[in-house]
Each structure stands twice: as structure tokens, then as C-alpha cells.
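# Structural description and commentary
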Amino acid sequence: MATAKAGGRKRWSTTPMAMSATSSVGSTTNGRITKDTRTIDGAPYATSYSYDSLDRTTWMQYPDGEGVTLAYSPQGQVKSLGSYLSSATFKRAGRPPAIAMDRCGRRA
């Protein structure tokens with residue numbers, strides 16, 4: 001970013017970064033993505049996925065190496081999501097119960 005003073009006031013101009021990106025995808029025979037690699041300015045960023053027999057995502061590994069495991073209830077709802085969600089309960093109609101949050105996004 002460059003600045004120039006004109007008439008005592010600063011004027012800002014931006015120059016877009018030059019970036020090159022490519023993408024490659026590996027998939028299962030039924031079309032589910034198993035690995036999605038995106039190369040940005042020569043650096044590869046890969047995300048990997050695993051599925052269960054019902055074609056639900058059961059595991060994801062992010063480009064930083066973090067792996068997240070997903071688990072499902074007998075009704076097919078996500079009941080846990082790695083360290084982000086340890087358990088979830090649902091009402092009879094299959095909807096999650098209402099959770100009161102404060103304005104900072106914390107449970108009230």
C-alpha cells in the first residue's frame with residue numbers, strides 16, 4: 001500500500017497482490033471428494049475427507065494438519081464435531097433445542 005500527500009491530506013492507493021492458484025481433487029467412485037488440494041503461489045494446501053457407509057463425512061483434515069472427527073446419532077444428525085462440539089441433543093421433531101446466547105456469542 002502506498003501513500004501520497006496531496007494538499008496536506010493523505011491519499012491511499014492499493015496495488016493488488018499477484019497470486020497464482022491451481023486446484024486438484026481426488027474422489028471416490030461415487031463422486032465423494034477424498035482430497036482437495038489448492039496451490040496458492042506455489043504452496044499446496046490440502047484438505048482430506050473420509051466417509052461412512054451412508055456417505056456421511058466422518059473425518060476432515062485441514063491444511064494446517066488439524067483433524068476433526070464427526071459422529072452421528074441413529075437419526076443421522078451430527079452429535080459431535082471433534083473438540084468443537086462434544087454432544088448435541090435434538091427435540092422430537094429433529095430440531096436442536098434453542099440455546100440462549102449473549103451479545104458476545106456466549107451461552108447465557
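Now for a look at the structure at hand. Small disclaimer: the values here were computed from a predicted structure and weren't measured.

## Considerations on unusual backbone geometry
In terms of backbone geometry, most residues other than glycine have negative phi values and most peptide bonds are trans. At aspartate 41, a residue that is not glycine, the phi angle is positive and equals roughly 50 degrees. Structurally, aspartate 41 can be placed in the loop between strand 4 (33-40) and strand 5 (43-51). One non-glycine residue with positive phi stands out, namely aspartate 55, at about 65 degrees. Position of aspartate 55 relative to the elements: it lies in the loop between strand 5 and strand 6 (57-61). Judged by relative accessible area, aspartate 55 falls into the partly exposed class, the value being 28%.

## Observations concerning the environment of tyrosine 72
Considering the arrangement of structural elements, one finds tyrosine 72 in strand 7 (residues 67-72). On the basis of relative accessible area, tyrosine 72 is assigned to the buried category, the value being 16%. A sequence separation of 14 residues divides tyrosine 72 from threonine 58, and the C-alpha atoms of the two residues are 8.5 Å apart. Dropping the residues within four chain positions of it, tyrosine 72 is found in contact with Asp52, Arg56, Thr57, Gln77, Val78 and Lys79.

Reading the values: the criteria
- Residues numbered from 1 in each chain as written.
- Predicted model: local features only at pLDDT ≥ 70, side-chain atom pairs only at ≥ 80, totals over all residues.
- Heavy atoms only, no water.
- Helix = DSSP H or I, 4+ residues; strand = E, 2+ residues; numbered from the N terminus.
- Buried < 20%, exposed > 50% of the residue type's maximum accessible area, 1.4 Å probe, protein only.
- Contact = heavy atoms within 4.5 Å.

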